[in-house]
Amino acid sequence: MELKYGMPQSLMGWVDANRSRLKPPVCNAAIFPDSDYIINMVGGPNTRTDFHDNPTEEIFYQIRGTAYLNIWDEGRFDRIDLHEGDIFLLPAHLIHSPQRPDPNGLCLLIEKPRPMGAHDALQWYCPKCASLVWRASKQLESLVDDLPKVYEIFYATTSEERTCKTCGTVHPGRDYAAWHAIRQAHA
Ligand SMILES: [Fe+2]
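Scope of this entry: the structure provided in the associated data block. Counting restarts for each chain: residues are numbered from 1 in the order of the written sequence. In keeping with the model being predicted, local features are shown solely for residues with a pLDDT of at least 70 and side-chain atom pairs are shown and tallied solely at 80 or more, while totals for entire chains, interfaces and linings include all residues.

1. Thoughts on the sheet that holds strand 4 (residues 58–64)
One bridge is not enough; two strands pair if DSSP finds at least two bridges between them. For helices the rule is a DSSP run of H or I covering at least 4 residues; for strands it is a run of E covering at least 2, with both sets numbered from the N terminus onward. The five strands lie next to each other as 1-2-9-4-7, forming an open sheet whose pairing is antiparallel. Unpaired on one side and paired on the other, strand 1 (28–30) and strand 7 (87–90) mark the two borders of the sheet. The mean angle between the axes of side-by-side strands here comes to 25 degrees, regardless of whether they run parallel or antiparallel. Here strand 4 runs beside strand 7; their pairing, made up of four bridges, is antiparallel. The residue of strand 7 that forms the bridge with I59 is L89. Think of each axis as a best-fit line through the C-alpha atoms, taken over the contacting stretch in the case of a helix, with angles from 0 to 180 degrees between the N-to-C directions.

2. Some remarks on unusual backbone geometry
Here the residue pair G44 and P45 is connected by a cis peptide bond, since its omega of 0 degrees sits within 30 degrees of zero. If you check the backbone angles, E74 has positive phi at about 50 degrees while not being a glycine. Relative to the elements of secondary structure, E74 occurs in the loop between strand 5 (67–73) and strand 6 (76–82). Here H93, not a glycine, exhibits a phi torsion of approximately 70 degrees, which is positive. The burial label depends on the number of other C-beta atoms within 10 Å of a residue's C-beta. Counts of 20 or more mean buried, 12 or fewer mean exposed, and intermediate counts mean partly exposed, with C-beta atoms placed from the backbone. Note on H93: 12 C-beta atoms within 10 Å, which makes it exposed.

3. A look at the pairing of strand 8 (residues 95–99)
If a strand is regular, its side chains alternate between the two faces of the sheet. The element strand 8 is largely enclosed, with a buried count of four among its five residues. With five bridges connecting them, strand 5 and strand 8 associate as antiparallel partners. By the bridge assignment for strand 8, L69 is matched with P98.

4. Remarks on the nonpolar core
One nonpolar core equals one set of buried Ala, Val, Leu, Ile, Met, Phe, Trp, Tyr and Cys residues connected by C-beta atoms within 7 Å. Residues L22, C27, M41, V42, F60, A67, L82, L90, L106 and C107 constitute the largest nonpolar core, which totals 10 residues. Contributions of two or more residues to this core are made by strand 2 (38–42) and strand 9 (106–111). Non-local contacts of M41, meaning those with residues more than four positions away in its chain, are made with V15, L22, A29, I31, L106 and L108. Formed by six residues, the second largest nonpolar core is a distinct cluster that contains F51, W124, Y125 and V133. By the convention adopted here, residues make contact when the C-beta atoms placed from their backbones lie within 7 Å.

That is the geometry; function is a separate question.
Structure (structure tokens):
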């Protein structure tokens with residue numbers, strides 16, 4: 001019997017065989033590439049300053065360790081914690097920024113292929129006043145390949161381009177610790 005995606009397999013066996021792909025800088029690998037679902041394993045450590053607007057829902061299953069999602073909702077930041085063993089269904093368009101500082105963290109993430117015309121957006125917010133500083137949207141074809149290209153464009157912006165038009169704060173770019181420190185100072 002030939003099965004397109006093979007026989008049932010040990011999930012942790014797959015993790016052991018793909019451990020190097022779950023480490024920085026990518027931290028993310030597809031378990032069944034080219035299937036009708038997008039099924040990824042996400043490792044760590046990884047922290048980031050981008051916020052993701054996904055036109056479809058995302059399922060998080062935090063298998064090991066902890067993680068959290070920074071949330072931007074109606075002009076305010078919030079936070080959702082993922083504890084070990086938690087399952088969480090993220091509604092479409094809830095603007096989120098996953099933080100995985102735990103080097104041993106492991107999360108199964110299931111997404112849907114995006115319908116044609118339903119675009120993903122990556123957004124960067126002012127850590128002081130939560131205004132939008134920079135945004136890019138696109139028809140997402142590959143979760144692993146498409147997003148890093150957008151990050152690089154943002155990381156190459158000048159400090160002038162990253163200056164908040166509302167309050168004048170300079171967004172620190174990819175430096176999450178610096179972004180978080182400014183946010184904490186004004187919380
Ligand atoms: Fe601002």
